[in-house]
Amino acid sequence: MLENLIIRQETPADCKSAELMTMRSFWNKYWPGCSEHFLVRIIRESNDYLPELSRVAELDNKIVGAVYYTRAWIDDGSARHEVVTFGPLSVEPTLEGNDIGGALMRKSIEAAKKAGVAGIVVIGEPNYYPRFGFKRASDFGITDGEGNSFDAIMCLPLNDDFSKIKGRIVESADFKKLEDQKRLQEINKEFPAYRKVKVQEGFMQIFEQHLGVVESIKDGVYFVRYWELLIPAKADGLEKAPTVGSDVQFIWKRNGESKITKVFKNLLEEQ
């Protein structure tokens, strides 16, 4: 973890910076653009928001990560049992790989446990959250709101009360406000106009890799523009070598050799 990293509660002065960081964190990950920064604003306005559990990460006086908690419930058909959920969990993209997300999770889980929360439920990345103790929700007899069970639904029991809870996850009704595309467009005007990229039709989920543009090539090394960074990468084994200006998908190795895995056309800019 970064030596100067501070994990703390959010203050009003942090709000806009945290939203911008969240926007950058999720930009072009699931689909062109993102709406997670809008979700952060919705959460703050909600009566179900739990600021006492939520945390931001600060590095050198800048917000570089955040996680937001809200009330959630498990409905067993006759009663609702209160638990908590979180999301989005975001990290400044140019600082990925420094365990900022991990630090946020550990500190917020500790806060939830001290607060007497029965457990945490989340629909998220099944390859990431088990490292913090999360297990498949189906192990506990818990499903999503429609009764479905899949790997992305996970639970973390925090006390013995959780073992008595079974049923369907119910999230805050305020999350439905995320469907307001008009308000999202208005909020986007408050932030930089980043380029939208569409890699493929439908859901993208670009998490294990990254998207960038080849800015220059020298001695077989491709320099890929990723936000404010210029990352050297190899492109071995591709059917067609990238050229300057190519949109690429790549694996970023901070302490090793980064590698371009795919050259693609941005579907939003095809002629």
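Each remark here, short or long, concerns the structure printed above.
Quick caveat: nothing in here was measured; it's all calculated off a predicted structure. (Residues numbered from 1 in each chain as written. Predicted model: local features only at pLDDT ≥ 70, side-chain atom pairs only at ≥ 80, totals over all residues. Heavy atoms only, no water.)

(A) Examining the nonpolar core more closely. By size, the foremost hydrophobic cluster in this structure holds 29 residues, and its most contacted members are Tyr-69, Phe-86, Met-105, Ile-109, Ile-120 and Phe-134. Mapped by element, the contributors of at least two residues to this core are strand S2 (55–59), strand S3 (62–75), strand S4 (80–91), helix H3 (100–114), strand S5 (119–123) and strand S8 (153–157). Element by element, the count of residues in this core is highest for H3, at seven residues. Among residues more than four places away in sequence, those in contact with Tyr-69 are Asp-48, Tyr-49, Leu-50, Leu-53, Ser-54, Val-84, Thr-85, Phe-86, Met-105, Ser-108, Ile-109 and Ile-120. By size, the runner-up hydrophobic cluster in this structure holds 22 residues, among which are Cys-34, Trp-227, Ile-231 and Ala-235. (Core = buried A, V, L, I, M, F, W, Y, C linked by side-chain atoms within 4.5 Å. Buried < 20%, exposed > 50% of the residue type's maximum accessible area, 1.4 Å probe, protein only. Helix = DSSP H or I, 4+ residues; strand = E, 2+ residues; numbered from the N terminus. Contact = heavy atoms within 4.5 Å.)

(B) Structural detail: the sheet that holds strand S11 (residues 221–226). The mixed closed barrel is built from five strands, whose spatial order is S10-S11-S12-S14-S13. Each neighbouring strand pair of the sheet contributes to a mean axis angle of 55 degrees, computed without reference to strand direction. (Pairing = 2+ DSSP bridges. Axes fitted to C-alpha atoms, helices over the stretch in contact; angles between N-to-C directions.)

(C) Broad picture of the packing of helix H2 (residues 36–45) against helix H4 (residues 181–188). Running from N to C, H2 and H4 cross one another at 105 degrees; their axes reach a closest spacing of 10 Å. Judged by the inter-axis angle, H2 sits roughly perpendicular to H4. Of the residues in H4, those in contact with His-37, Phe-38, Arg-41, Ile-42 and Glu-45 of H2 are Arg-183, Leu-184, Ile-187 and Asn-188. Within the contact of H2 with H4, the residues separate by chemical class into four nonpolar, two polar and three charged. (Parallel < 35°, antiparallel > 145°, perpendicular 65-115°, else oblique. Nonpolar A, V, L, I, M, F, W, Y, C, P; charged D, E, K, R; others polar.)

(D) Here's a closer look at the pairing of strand S13 (residues 247–251). Of all five residues making up S13, four are buried, and the element is well covered by its neighbours. Of the strand pairs in this sheet, strand S10 (residues 210–218) and S13 are connected by four bridges, and their pairing is antiparallel. Counterpart to Leu-211 in the pairing with S13 is Gln-249. Pairing of S13 with strand S14 (residues 258–264) involves five bridges; the strand directions are antiparallel. Across the sheet, the residue bridging to Gln-249 is Lys-262, located in S14. Hairpin connection of S13 to S14: six residues between the antiparallel strands.

(E) Focus on the pairing of strand S9 (residues 167–170). With three bridges connecting them, S3 and S9 associate as antiparallel partners. Residue pairing in the sheet places Asp-75 in a bridge with Arg-168 of S9. As judged from the two bridges shared by strand S7 (residues 142–143) and S9, these two strands associate in the parallel manner. The partner of Ile-142 across the bridge, within S9, is Gly-167.

(F) Main features of unusual backbone geometry. With an omega dihedral of 0 degrees, the bond running from Gly-87 to Pro-88 counts as a cis peptide bond. Within the secondary structure, Pro-88 is located in strand S4. For Asn-28, which is not glycine, the phi torsion reads 60 degrees and is therefore positive. One non-glycine residue, Asp-219, adopts positive backbone phi at about 55 degrees. When you line up the elements, Asp-219 lands in the loop between S10 and S11.

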